[in-house]
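Each chain is listed here by its residues.
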Amino acid sequence: MFGRRALVAALVVLFGVVGAQAGSESRVHSFTPDGLAKVSDYIRNEIATGKIPGAILLLQQHGKRVYYENFGVRDVATEISMSADTIFRLYSMSKPVTAVLAMMLVEEGKLAISDPVSKYIPAFADMKVGVEKKAEDDKVSLELEPLKRAVTIEDLMRHTSGIPYGYYGGDLVNKLYADAGLFDNKTLTNAELVAKITTLPLAEQPGTIWDYGLSIDVLGRIIEVISGKSLFAFAKERLLDPLGMKDTTFYVADPAKWPRIAEPMPQDRVLSPMAKVRDIRKPLRWESGGGGLVGTIGDYARFAQMLVNRGTLDGRRYLKPETIALMASDHVGPETHVERDRNFYPGETSGYGLGFAVRISVPAGTSWPLGEYRWDGVGGTFFFVDPEDDLFGIFMVQTPSQRGRIQLALKTLIYQAMGR
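Here, residues in each chain are numbered from 1, in the same order as that chain's written sequence. The predicted origin of the model limits local features to residues at a pLDDT of at least 70 and limits the giving and counting of side-chain atom pairs to 80 or more, whereas totals for whole chains, interfaces and linings rest on all residues. Neither water nor hydrogens contribute to the side-chain values; these are computed over all heavy atoms in the structure.

> Honestly, the packing of aromatic side chains in this entry has me stumped. Any pointers?
What describes a pair of aromatic rings is the distance from one ring centre to the other and the angle between the planes of the rings. Note on aromatic pairs: the rings of Phe, Tyr and Trp (six-membered ring only in Trp) are paired at centre separations within 6.5 Å, and the planes decide the class, stacked below 30 degrees, edge-to-face beyond 60, tilted for the rest. What the rule picks out here adds up to 16 aromatic pairs. Here Tyr 352 and Trp 375 contribute two aromatic rings whose centre-to-centre distance is 5.3 Å and whose plane-to-plane angle is 80°, an arrangement assigned as edge-to-face. A residue pair is termed long-range when its members are at least 10 positions apart, and Tyr 352 in strand E13 (residues 350-352) and Trp 375 in strand E15 (residues 373-376) qualify at 23 residues. Of the two residues, Tyr 352 and Trp 375, neither departs from the other in class, the shared state being buried. In DSSP terms, a helix is any run of H or I states spanning at least four residues, a strand is any run of E spanning at least two, and both are numbered starting from the N terminus. Exposure classes here rest on a 1.4 Å probe applied to the protein chains alone. A residue is buried below 20% of its type maximum, exposed above 50%, and partly exposed in between.

Structure below.
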């Protein structure tokens, strides 16, 4: 089920965290009122200066809220106040959800992270890698080379499959993906999307470079192949309904809920050169496991608390502790020889696990916890799980242009509020 290296790493993470929690309660950090007041002041200033319409921040430690506040409005056009039932586009915060669904199948023996993707999508066996070649006249052409090894499920989950998004970079493979319009195509099913991907070349040989892209969307299709259900139907049955994530969907079908949708500032709706913030009131066929979910902060808090609890919530087990530990361990470390591309979003102090960035070193000038794992969405939302402090945080906002700056500033203030 698990590779030997990955299993050993997971057990180190699991027992390291358990040991820290059991033997050193005094090392668990708590928040100061003054520190949290600075967090609030920062968010209020972002609204007062017209950068964002509103936001929600939740910090939950030892299973209890230690901070929760609604700020500003859902939408400057309606001026309806932000509230707990506000619906946000989660974008890539969908990826951890899809990864958890896949690991449920791994635990059941229906999937292995070492499996070749071609076991479930046969066309992957015939994929090629696009390599740029420069002729004597400096003209660049794209040549197709065979795979040196198969793309695996682990490659999909850690973004080493060679499948890009195509929205950055000037190379020929990225241009092919951009021209194919995959990232913003609402008319395709998951099966049709993956069929299109298999007609394109990979950007790199599998297992060589961390390259953020449509890998988790392919994983979502594999879940459909194994389960015989749509990704949403499987997610509802196995995770969303049991957790009580009642507002987590791929689009908002009920017009009565439309006023609850958070919107960015009118001028802040560009995600990439290929895509704008989508209208989640409109039905779509593409159930994007990599970036399609919408939901509320309360829904995602249920998911995050399950992760903090190492796979359980309210007496129900969703994953084993060792599975959570495997997901939250670094799968692109030096021993893997995986290179980090120029857009390695986890940053220099983090690696990447199975669906999350994972903190592997302490940023200069801080005492941020090792083993913290997290991810965010292009729409501005982010979350983090801090096992050492038995804590998670979720920030909900819609601001593609300001997201990176705000996330770093907020994370810094949150940890400073804990003396870290």
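Additional details are given in the paragraphs that follow.
> What's the story with empty space enclosed by the protein in this structure? I'm lost.
Rolled over the atoms, a probe with the dimensions of a water molecule shows which regions are left empty. Space inside and on the surface of the protein is sampled on a 1 Å grid over the protein atoms alone, with a cavity defined as a set of points where a 1.4 Å probe fits but cannot get out and a pocket as an open set with protein on both sides within 12 Å along at least 5 of 7 lines; lining residues have an atom within 4 Å of a point. Grid points are joined across faces, edges and corners, and a volume is the space filled by probe spheres set on the points. Overall, the coordinates contain two cavities of 30 Å³ or more when judged by the stated rule. One number sums up the size of the second largest cavity: a volume of about 60 Å³. Around the second largest cavity, the lining residues are Val 97, Thr 98, Leu 101, Leu 231, Phe 232, Ala 235, Leu 240, Phe 250, Gly 289 and Leu 293. Looking at the lining of the second largest cavity, the elements with two or more residues in it are helix H3 (94-107) and helix H8 (231-243). Top contributing element to the lining of the second largest cavity by residue count: H8, with four residues. Here the residues of the lining of the second largest cavity are counted per class, giving eight nonpolar, two polar and no charged. Classes in brief: Ala, Val, Leu, Ile, Met, Phe, Trp, Tyr, Cys and Pro nonpolar; Asp, Glu, Lys and Arg charged; the others, Gly included, polar.

> Whenever I open this one, the layout of surface pockets confuses me. Can you help?
Each pocket or cavity is described by its volume, and for the largest pocket that value is around 960 Å³. If you trace the largest pocket, you find 45 residues lining it, with Tyr 345, Trp 375, Asp 376, Arg 403 and Gln 407 closest to the centre. Looking at the lining of the largest pocket, the elements that each hand over two or more residues are strand E7 (270-272), strand E8 (275-276), strand E14 (357-359), E15 and helix H11 (403-416). A total of five residues in the lining of the largest pocket trace back to one element, the largest contributor, which is H11.

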